[in-house]
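# Survey of secondary and tertiary structure
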Amino acid sequence: MVDVVDPVVVESAAVLARHLRQGRDRRLAVLEWFAEAGMAAQPGAVRVPEPPLAAVREAVVWVLRGTVSHRLLELARGAAGAGEEAADALYEVAGRLIAVRPYRGSADPALVRAALEADEDVPDGPDFKEVVHLVAAIGLGAQEVGGDALAEAFGAFALFGLTAEDWAQMLGAVERGESPLMDWDLLQQRADLLGPVQRASDEQLLRAWTVLLGLRMFYGLYAMHALFMPDTPALAALRAKIDEWGMFPILDHVIALSPSPTYFAQGLAVCLEPLFDGLYETLMEQLTAEPGLFHLPGEETGAAGFMETWIRVLREQTARARKWADESCEEPL
């Protein structure tokens, strides 16, 4: 008879029970378990162990197969080399799928903050309906889609801080033979999220979760600038690093602060990509070099003073907004 039950076994059973409800697929429970295992434990709490990573891999692949992104990829691959009618059908179906769940990214937090401070309308974020051209390029080839359409698609994502005009100039130079050819095969390879997940080792899956968790924190700090979070040299330096990489629009597309299992699976798959690992390492190095994220210059109370300042500013801005709204209502039509 066993007198002592391994605490890891007990905690594993407890966390699985929290997420495995009647009628729910166990793979969703496994993903939520894995997400919980990566979070910092409360003081005195038992650390949540990771679920079997083979089960995590299976769950991520299963979820990804059901996403709109994967359906679009399969649709694009099916249209490859199938003629003009297939190309027209690809555009029609892809456009319909994207329209069902339209998505607009977040506006630059610095622009949002400036607009709020000036009592102006908040700018719209990027519209991703032009992504249909990227889907078509994966299936039909970049040459069939054309440089102008691809420039609009890449510009919508603001990849590496480049505008649609920047991309149009670059792609135009490629088409004219004035610049080295781009590796369009790489675009097709990067569109496939299933393969990297299936090939990933246990260590790579754990690393991807570390990267995703870290980037979620850095993204949150960047985004909160729009909500009047007090600025510090350390926070400004982190934002500058993200801007240097041109990665806020991409992080905004990938990161969710409270992700569903589907969003978590997609984020985990994306963070297997070395680009995100490199950004995470760069931001961690910056944080190590200047760790006082919540230390306002001249303020000796640290995080407590930071929060007091933020709450005060939020109250002031709320009062300003109410006053502005009241005055607008009083103006004659």
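The coordinates are above.
An account of the accompanying structure is given in this report. Just so we're clear, the structure is a prediction, and the values are computed from it rather than from any experiment.

## Comments concerning the overall build of the protein
For the protein, the helix and strand inventory stands at 18 helices and zero strands. Classification of the 333 residues of the protein by burial places 41% in the buried group. Within the protein, contacts between residues at least 6 apart in sequence are counted, and of these 68% link residues at least 24 apart. Total accessible area computed for the protein in this model is approximately 18700 Å², and 56% of it derives from carbon and sulfur atoms.

## Description of the packing of aromatic side chains
Here the structure, examined in full by the defined rule, presents seven aromatic pairs. Relative to Phe264, the ring of Trp209 has its centre 4.9 Å away and its plane inclined at 90°; by these criteria the two rings are edge-to-face. One end of the pair, Trp209, is in helix α13 (residues 202–223); the other, Phe264, is in helix α16 (residues 261–270), with 55 residues separating them in the sequence. The buried category is assigned to Trp209, whose relative accessible area is 4%. Note on Phe264: relative accessible area 3%, which makes it buried. Plain terms: the ring middles of Tyr222 and Phe248 are 4.6 Å apart, the flat faces sit at 15° to each other, and that makes the pair stacked. Of this pair, Tyr222 sits in helix α13 while Phe248 sits in helix α15 (residues 248–254), and the two are 26 residues apart along the sequence.

## Quick look at the pattern of salt bridges
Per the stated rule, a full pass over the model turns up nine salt bridges. Between Arg320 and Asp119 there is a salt bridge, and its shortest N-O distance comes to 3.2 Å. Remark: Asp119 occurs in the loop between α6 (109–117) and α7 (132–140) and Arg320 occurs in helix α18 (residues 303–330); sequence separation between them is 201 residues. A relative accessible area of 32% means that Arg320 is categorised as partly exposed.

## Quick word on a negative patch on the surface
A cluster of like negative charges, contributed by Asp148, Glu152, Glu165 and Glu175, occupies part of the molecular surface. Listing elements by their share of the negative patch, those giving two or more residues are α9 (147–157) and α10 (164–175). Relative to the elements of secondary structure, Asp148 occurs in helix α9. For Asp148, a relative accessible area of 63% puts it in the exposed group.

## Focus on α7
Most of α7 is tucked away: eight of the nine residues are buried. One or two residues past the end of α7 sits Gly141, with phi positive at roughly 100°.

## Description of the environment of Gln204
Mapping Gln204 onto the fold places it in helix α13. Separated by 67 residues in sequence, Gln204 and Cys271 have C-alpha atoms that sit 9.6 Å apart. Not counting the four nearest positions on each side in its chain, Gln204 is found in contact with Arg199 and Leu272.

## Regarding the packing of helix α2 (residues 26–37) against α16
Packing of α2 against α16 leaves a shortest axis separation of 10 Å and a crossing angle of 65°. Considering the relative orientation of α2 and α16, their crossing is left-handed. Contacts from Leu28, Leu31, Glu32, Phe34 and Ala35 in α2 reach Pro261, Phe264, Ala265 and Leu268 in α16. Residues of the contact of α2 with α16, tallied by class, amount to eight nonpolar, no polar and one charged.

## Structural notes on α16
Burial analysis of α16 places eight of its 10 residues in the buried class, the great majority of the element. Listed as buried for α16 are Pro261, Phe264, Ala265, Gln266, Gly267, Leu268, Ala269 and Val270.

## Quick word on the environment of Phe157
Along the polypeptide, Phe157 turns up in helix α9. Placed 31 residues apart in sequence, Phe157 and Pro126 show a C-alpha to C-alpha distance of 7.3 Å.

## Focus: the environment of Ser201
Its location among the elements puts Ser201 in the loop between α12 (194–199) and α13. By relative accessible area, which is 27% here, Ser201 ends up partly exposed. Separated by 144 residues in sequence, Ser201 and Arg57 have C-alpha atoms that sit 9.3 Å apart.

## Focus on the side chain of His225
Mapped onto the elements, His225 comes out in the loop between α13 and α14 (233–245). Residues contacting His225, with those up to four places away along its chain left out, are Pro109, Ala110, Arg113, Asp231 and Arg239.

## Quick look at the packing of α14 against helix α17 (residues 274–289)
Contact geometry of α14 with α17 gives a least axis separation of 10 Å together with a crossing angle of 155°. Judged by the angle between their axes, α14 and α17 are roughly antiparallel. For the pair α14 and α17, the crossing hand works out as right-handed. Residues Ala237, Leu238, Lys241, Ile242 and Trp245 of α14 touch α17, and the partners they reach there are Leu275, Gly278, Leu279, Thr282, Leu283, Gln286 and Leu287. The class makeup of the residues in the contact of α14 with α17 is eight nonpolar, three polar and one charged.

Definitions and cut-offs
- Residues numbered from 1 in each chain as written.
- Predicted model: local features only at pLDDT ≥ 70, side-chain atom pairs only at ≥ 80, totals over all residues.
- Heavy atoms only, no water.
- Helix = DSSP H or I, 4+ residues; strand = E, 2+ residues; numbered from the N terminus.
- Buried < 20%, exposed > 50% of the residue type's maximum accessible area, 1.4 Å probe, protein only.
- Contact = heavy atoms within 4.5 Å.
- Areas by Shrake-Rupley, 256 points an atom, 1.4 Å probe, with all protein chains shown as cover.
- Phe/Tyr/Trp six-rings, centres within 6.5 Å; stacked < 30°, edge-to-face > 60°.
- Salt bridge = Lys/Arg side-chain N within 4 Å of Asp/Glu carboxyl O.
- Patch = residues over 30% accessible without salt bridge, like charges linked within 9 Å, V, L, I, M, F, W, Y side chains within 5 Å.
- Lys, Arg positive; Asp, Glu negative; His and termini not counted.
- Charge placed at Lys NZ, Arg CZ, Asp CG, Glu CD.
- Axes fitted to C-alpha atoms, helices over the stretch in contact; angles between N-to-C directions.
- Left-handed = near helix turned anticlockwise from the far one by under 90°.
- Nonpolar A, V, L, I, M, F, W, Y, C, P; charged D, E, K, R; others polar.
- Parallel < 35°, antiparallel > 145°, perpendicular 65-115°, else oblique.

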